[in-house]
Amino acid sequence: MSTLVWVRTENSYTPYTTIDITPIPASALDEHGHLWSYDGGASDLDAPYTCLLCCEPQWRAYRTPCTESLDAWNAERSAWIEKHRLDKAPASVSAWEPIHAA
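First things first, this report covers the structure right here in the doc. (Residues numbered from 1 in each chain as written. Predicted model: local features only at pLDDT ≥ 70, side-chain atom pairs only at ≥ 80, totals over all residues. Heavy atoms only, no water.)

### Some words on unusual backbone geometry
Item 1. The phi torsion at Cys-55 lies on the positive side, around 65°, for a residue other than glycine.
Item 2. Tracing the sequence through the fold places Cys-55 in the loop between strand E4 (49-51) and helix H1 (58-61).
Item 3. Of note, the phi angle at Arg-63 is positive, near 60°, even though the residue is not glycine.
Item 4. Checked against the element boundaries, Arg-63 lands in the loop between H1 and helix H2 (70-84).
Item 5. The class for Arg-63 is exposed, based on a relative accessible area of 61%. (Helix = DSSP H or I, 4+ residues; strand = E, 2+ residues; numbered from the N terminus. Buried < 20%, exposed > 50% of the residue type's maximum accessible area, 1.4 Å probe, protein only.)

Below you can see the structure in the form of structure tokens.
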């Protein structure tokens, strides 16, 4: 079950967003310990994925063990979320929420 919270990003186009605070499970890793994320072809058009843990593109990290720990990454992610977490939706975003009829 996901638990979404509002966070302040460091992006001027999307200054606020929601994020799931649930740690990434070990089942999300491949057989070599990589956590792949689609990078839009920035690393390679034939293998457009980059490991979120070690930041290696898929073509370079193919069949090699990941050098980074999921536990350390989850700890760093949790610390970032706590630092940037908002208590409630920002006013500029709340104004766009639909009005529910009573």
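### Side note on the packing of aromatic side chains
Item 1. A full pass over the atoms with the stated rule returns 1 aromatic pair.
Item 2. Look at Tyr-38 and Tyr-49: their rings are 5.8 Å apart centre to centre, the planes differ by 70°, and that puts the pair in the edge-to-face class. One end of the pair, Tyr-38, is in strand E3 (residues 36-38); the other, Tyr-49, is in strand E4, and 11 residues separate them in sequence.
Item 3. With relative accessibility at 55%, the residue Tyr-38 sits in the exposed group.
Item 4. Overall, Tyr-49 belongs to the partly exposed group, its relative accessible area being 33%. (Phe/Tyr/Trp six-rings, centres within 6.5 Å; stacked < 30°, edge-to-face > 60°.)

### Observations regarding H2
One turn of the α-helix equals 3.6 residues, which is why residues spaced by three or four share an orientation.
Item 1. The terminal C-alpha atoms of H2 lie 21 Å apart, and with 15 residues this matches the ideal 21 Å at 1.5 Å per residue to within 8%.
Item 2. Taken residue by residue, H2 has Leu-70, Asn-74, Arg-77, Ile-81 and His-84 as its buried positions. In a view along the axis of H2, the buried residues occupy a sector of 100°, so they form one face of it. With respect to the buried face of H2, the exposed residues turned more than 90 degrees away are Asp-71, Glu-76, Glu-82 and Lys-83.
Item 3. In the core, the buried residues of H2 are packed alongside strand E1 (4-8) and strand E2 (16-20).
Item 4. Near the N-terminus of H2, the side chain that reaches the backbone nitrogen of Asp-71, with its oxygen 3.2 Å away, is that of Ser-69. (Expected span 1.5 Å × (residues − 1). Arc of directions from axis to C-beta. Contact = heavy atoms within 4.5 Å. Polar contact = N/O pair within 3.5 Å; in protein donor to acceptor, adjacent residues only side chain to side chain.)

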